[in-house]
Amino acid sequence: MDNLLYVTNIAGKRMSYGFVGSAIKAAKLMGLTFYSVANRSQSTPDDINADEEKYGVHLLHVPICRSPFSFQNIKAYKQLCNIIRENKIDYIHCNTPVGGILGRFAGKKCKVKKVIYQAHGFHFYNGAPMKNWLIYYPVEKWLAHYTDAIITINKEDYELAKNKLKLRKDGKVYYVHGVGIDTAQYNTEESSREAKRTELGLNNSDVAMISMGDLIERKNYDTAIRAIAECKNKSLHFYICGKGPEESALKTLVQELKIAEQIHFLGFRSDIKELLSAADIFLFTSKQEGLPRSMMEAMVSGLPCIASKIRGNTDLLENTEGGFLCGVTDVSAYAEKLNLLASDVEMREKMGKNNLITIQKFSTETVAEEIREIYKAELKG
């Protein structure tokens, strides 16, 4: 039985099956033994053992740091090479920027049979700052020579990789529908929706909008907040799930716009599924994404979406009649679409149903089959 090593950056306390589940399913279908490497400093030995038993995989800790400039990654690289040799790894499937760098260097050093890199959103893209192209594009172009296949999760990255990156031995670029989302997990009953709306203090005439993600400049919450102010509709309530360095500035903006009663900073939440069920609209003004999982979660929860017209968002929403796409910082466009959806329950329901259909293409089962076909072609071909 051949051995596959799945490399990524940082793992949570327990393994995120939503991120790696499709690859595990695909590996099992191919008869591969699955090893997963990540920085598991948040996990106890009991956590790791529980996940290994639950998913039938081998989980290993390597002190990978998110910053590519951290000296800690030299130690991580050496440990990764030792793991490859000790476990007789045949193939590497590496993810995320640093995981992709370390995985490909280690694969070359240890003469692994095949190395696959899965890009979750290149830092160089249409409209990216020039510095991104000057820094990240040459690095990716160089690393492509150590890569047998690249997997992309949005159409823009697929075309870019296909046209601009030359892989080892004329390797191939693939497109898959993300990392997969478990569509069954988001089925919530109407009673759950009503209970959560009551908890949030919402009445029947209120329209709840939701967004999830770190409070950082890239997520562009500033534009979303200004759009709600421009709506001049007191029944609109925006729930922001996440924490980050922009929180103080955003709260100051809310006070300046005099909409403090409409904007709710919820911080980190463990009840995202219930909050999504209580919401009416998903509002997502991000400036940069690969393929946003938060919007996928909203779609599988049956919500209509108002989102920025960027890579990733367009893959999910364009030509689907599941919502609206607006210019990234076009406050008036967001406000117009918010007022339109807020006043039309029937439109919200129709768009939500359309999203339930669209999201099936991005399910764990669909992506697992796509990954299996890639493993078949690259590892067993």
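Details of the structure are given in the entry above.
To start, this report covers the structure provided alongside it. (Residues numbered from 1 in each chain as written. Predicted model: local features only at pLDDT ≥ 70, side-chain atom pairs only at ≥ 80, totals over all residues. Heavy atoms only, no water.)

Considerations on the packing of aromatic side chains
- Counted under the stated rule, the structure contains 11 aromatic pairs.
- Here the aromatic rings of Phe122 and Phe124 are separated by 4.8 Å at their centres, their planes lie at 15°, and the arrangement is stacked.
- The buried category is assigned to Phe122, whose relative accessible area is 3%.
- Owing to a relative accessible area of 1%, Phe124 belongs among the buried residues under this scheme.
- Among the aromatic residues, those joined into a cluster by ring pairs are Phe122, Phe124, Trp133 and Tyr137.
- Taking NZ or CZ as reference, Arg104 lies 3.9 Å from the ring centre of Tyr117, over its face. (Phe/Tyr/Trp six-rings, centres within 6.5 Å; stacked < 30°, edge-to-face > 60°. Buried < 20%, exposed > 50% of the residue type's maximum accessible area, 1.4 Å probe, protein only. Lys NZ or Arg CZ within 6 Å of the ring centre and 35° of its normal.)

Thoughts on the environment of Phe362
- With respect to the helices, strands and loops of the structure, Phe362 is situated in the loop between helix H14 (345-358) and helix H15 (364-379).
- Ignoring sequence-local partners within four residues, the contact set of Phe362 consists of Tyr175, His177, Gly180, Ile181, Leu291, Met296, Asp315, Leu316 and Val367. (Helix = DSSP H or I, 4+ residues; strand = E, 2+ residues; numbered from the N terminus. Contact = heavy atoms within 4.5 Å.)

Quick notes on H15
- Between its terminal C-alpha atoms H15 stretches 21 Å, which fits the 22 Å expected from 16 residues at 1.5 Å a residue.
- Buried within H15 we find Thr364, Val367, Ala368, Ile371, Arg372, Ile374, Tyr375, Glu378 and Leu379. The buried residues of H15 occupy an angular sector of 165° when the element is viewed end-on, so they sit on one face.
- In this fold, the buried residues of H15 make contact with strand S1 (3-10), helix H1 (17-29), strand S4 (91-95), strand S5 (114-119), strand S6 (149-152) and strand S7 (172-175). (Expected span 1.5 Å × (residues − 1). Arc of directions from axis to C-beta.)

Focus on a nonpolar patch on the surface
- A contiguous nonpolar patch, built from Met130, Leu134, Ile135 and Tyr136 and spanning about 430 Å² of accessible area, is present on the exposed surface.
- Residue position: Met130 is located in helix H5 (residues 130-143). (Patch = residues over 30% accessible without salt bridge, like charges linked within 9 Å, V, L, I, M, F, W, Y side chains within 5 Å. Areas by Shrake-Rupley, 256 points an atom, 1.4 Å probe, with all protein chains shown as cover. Salt bridge = Lys/Arg side-chain N within 4 Å of Asp/Glu carboxyl O.)

Remarks on unusual backbone geometry
- A positive phi is found at Asn319, a non-glycine position, where the angle reads about 60°.
- Mapping Asn319 onto the fold places it in the loop between helix H12 (313-317) and strand S13 (323-326).
- Of the residues examined, Asn319 reaches a relative accessible area of 79% and is grouped as exposed.
- A positive phi angle is found at Glu321, which is not glycine, with a value near 55°.
- With respect to the helices and strands, the residue Glu321 is situated in the loop between H12 and S13.

So, the side chain of Asp47
- As for its placement among the helices and strands, Asp47 is situated in helix H2 (residues 45-55).
- In this structure Asp47 comes out as buried when scored by relative accessible area, which is 10%.
- Residues in contact with Asp47, not counting those within four places in the same chain, are Lys13, Arg14 and Gln42.

Side note on the pairing of strand S8 (residues 207-212)
- Counting buried residues along S8, six of its six residues qualify, which places the element largely inside the surrounding structure.
- Burial along S8 is two-sided: the face carrying Val207, Met209 and Ser211 and the face carrying Ala208, Ile210 and Met212 are both buried.
- Inspection of the sheet shows S8 paired to strand S9 (residues 236-241) by six bridges, in the parallel sense. In the strand pairing of S9, Ile210 is matched with Tyr239.
- The β-α-β motif built from S8, the intervening helix H8 (residues 221-231) and the parallel element S9 has right-handed crossover chirality.
- Here S8 runs beside strand S11 (residues 281-284); their pairing, made up of two bridges, is parallel. Bridge pairing in S11 links Ile210 to Phe282. (Pairing = 2+ DSSP bridges. Right-handed = clockwise from strand over helix to strand, strands pointing away.)

Examining the nonpolar core
- Judged by nonpolar contacts, the single largest core of 57 residues is most densely connected at Phe34, Ile210, Phe282, Met295 and Tyr375.
- Counting 32 residues, the second-largest nonpolar core is a separate cluster that includes Val37, Ala76, Tyr117 and Ala161. (Core = buried A, V, L, I, M, F, W, Y, C linked by side-chain atoms within 4.5 Å.)

Treat this as a map of the structure, not an account of what it does.
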